Amino acid sequence: MIKRIAIFGSTGSIGRQALEVIEAHSDKFSAEVLTAHTNAELLIEQSLKFKPNIAVIGDDRKYKMVKDALAKTDVKVFAGEQSINEVASIDCYDLMLAAIVGYAGLQSTLNAIDAGKTIALANKETLVVAGDIVMRKAYEKKVPVIPVDSEHSAIFQCLIGEGRNKIEKIILTASGGPFRGKKPNYLMNVKRDHALQHPNWSMGAKITIDSATLMNKGLEMIEAKWLFNLDPRQIEVLIHPQSIIHSMVQYEDGSIKAQMGLPDMKLPIQYALSFPRRIKSDFPRYNFKNPATLTFEEPDTKTFRNLPLAIEAMHKGGNMPCILNAANEIAVYAFLRNRIGFMDITEVVEQAMGKVQYINHPTLEEYYYTDGEARSFAASMIQM
Ligand code: NAD
Ligand code: MG
């Protein structure tokens, strides 16, 4: 039977690679829903090729353009960010690939869970912001949340077959990003284009900057906490510049399982779509002679302070990770527009964590409110 996939964020890095996977396995998958924020041209091109049931353009000024371009097809076209969230509830697909970037992906994912859809989760910010609510809802609705993030896919794969065996700890590997080994006096002068050059992965702009600041690994620790129901003390980060080991699980007997392969997001994307089956791929294979040396080191948390800030937020819990995430989103986009420096990102996040009201057990409404507050606070800092 064909699995009907809804790709939320189909024009992004994850979305485009997911469509390549679907195209290579058209006997197993179909693209039923495609959504984009502003890139109408690519959404049109994807819709003409994949003939989804529904295409949604977030920017409603582009509705007519998309509608006209798809007039000769059966694709139903909607526009507006509200439509993206509403379409998530429509019963025309089996699995949502949540590949919108940032807080913007939260509501559609919640709606999909409410509608009982399986989630393949790329959007880590969803769990950083409101992981308790998202995972509880998924549990209540008996909805599987399958990780797409490569580290979490690795851990998920290492857990298969372990039943109730207890995890001692997980080790999240990190490439270290383009500035590994650099010190603050160097980082102060780093510009956008340099930070956008990641050594091992080609990804969207926001996550590429997060990888350069190590915030990405902090977000991933929080993501792992919720996905695998771990205590923060069970989560470790290890720098592994070759990105061959995608993460590891250590069990109570001391045995460590690792999942390995060349860095290529198509593998975890495909696994999340085909789970529990593995299906054949022609992705390049890792050859143990190249790279022949795998190295490991501690993260430099004195220089890359976003990582300890995220760890602090994870331990603090409540709405602190939501504050961290919102301030970071604002700061990263300001950096991408050359409004603030690389080191200022940390400053904005740290200040927001100290200033925005802390709530111990937030409701969903309180998470929405916190996100708004933290954004305004961060924006006001950037204006100064
Ligand atoms: P991207 O910037 O390339 O794409 C983002 C997608 O989200 C686009 O389709 C865009 O149209 C849509 N979008 C952006 N803002 C939106 C809004 N306000 N409303 C609705 N849609 C919006 O990002 P990406 O690199 O593909 O990352 C997507 C998610 O996957 C992120 O959460 C990221 O952390 C995660 N992730 C990405 C990678 C990767 O290799 N790119 C790896 C692991 C995890
Ligand atoms: Mg990752």
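Residues numbered from 1 in each chain as written. Chains lettered and ligands numbered in written order. Predicted model: local features only at pLDDT ≥ 70, side-chain atom pairs only at ≥ 80, totals over all residues.

Within an unreviewed UniProt entry, the label attached to the protein reads 1-deoxy-D-xylulose 5-phosphate reductoisomerase, and the organism entered is Ilyomonas limi. In its Catalytic activity (unreviewed entry) section, the UniProt record describing the protein reads: "2-C-methyl-D-erythritol 4-phosphate + NADP(+) = 1-deoxy-D-xylulose 5-phosphate + NADPH + H(+)". Turning to the protein, the UniProt record has this under Pathway (unreviewed entry): "Isoprenoid biosynthesis; isopentenyl diphosphate biosynthesis via DXP pathway; isopentenyl diphosphate from 1-deoxy-D-xylulose 5-phosphate: step 1/6." (UniProt positions renumbered as here; feature names shortened; annotations may be inferred.)

1. A word on the sheet that holds strand β3 (residues 54–57)
Strand order in the open sheet formed by 7 strands is β4-β3-β2-β1-β5-β6-β7, with parallel pairing between adjacent strands. The sheet is open, and its two borders are formed by β4 (76–79) and β7 (145–147), each paired with just one other strand. Strand after strand, the sheet turns through a mean of 20° between neighbouring axes, direction not considered. In this structure, strand β5 (residues 95–98) lies alongside strand β6 (residues 118–121), joined through 4 bridges in parallel fashion. Note on β6: the bridge partner recorded for alanine 98 is leucine 121. Most of the contacts of helix α1 (residues 13–24) go to strand β1 (residues 3–8), to which it runs at about 165°, and overall it touches β1, β2 (29–36) and β5. (Pairing = 2+ DSSP bridges. Helix = DSSP H or I, 4+ residues; strand = E, 2+ residues; numbered from the N terminus. Axes fitted to C-alpha atoms, helices over the stretch in contact; angles between N-to-C directions. Contact = placed C-beta atoms within 7 Å.)

2. Overview of the pairing of β5
Judged by which residues are buried, β5 turns out to be covered on both faces: Leu95 and Leu97 on one side and Met96 and Ala98 on the other are all buried. Relative to β5, β1 is paired through 4 bridges, and the arrangement is parallel. Bridging across to β5, phenylalanine 8 finds its partner in alanine 98. Remark: the β5/helix α5 (residues 106–114)/β6 crossover connection has right-handed handedness. (Buried ≥ 20, exposed ≤ 12 C-beta atoms within 10 Å, placed from the backbone. Right-handed = clockwise from strand over helix to strand, strands pointing away.)

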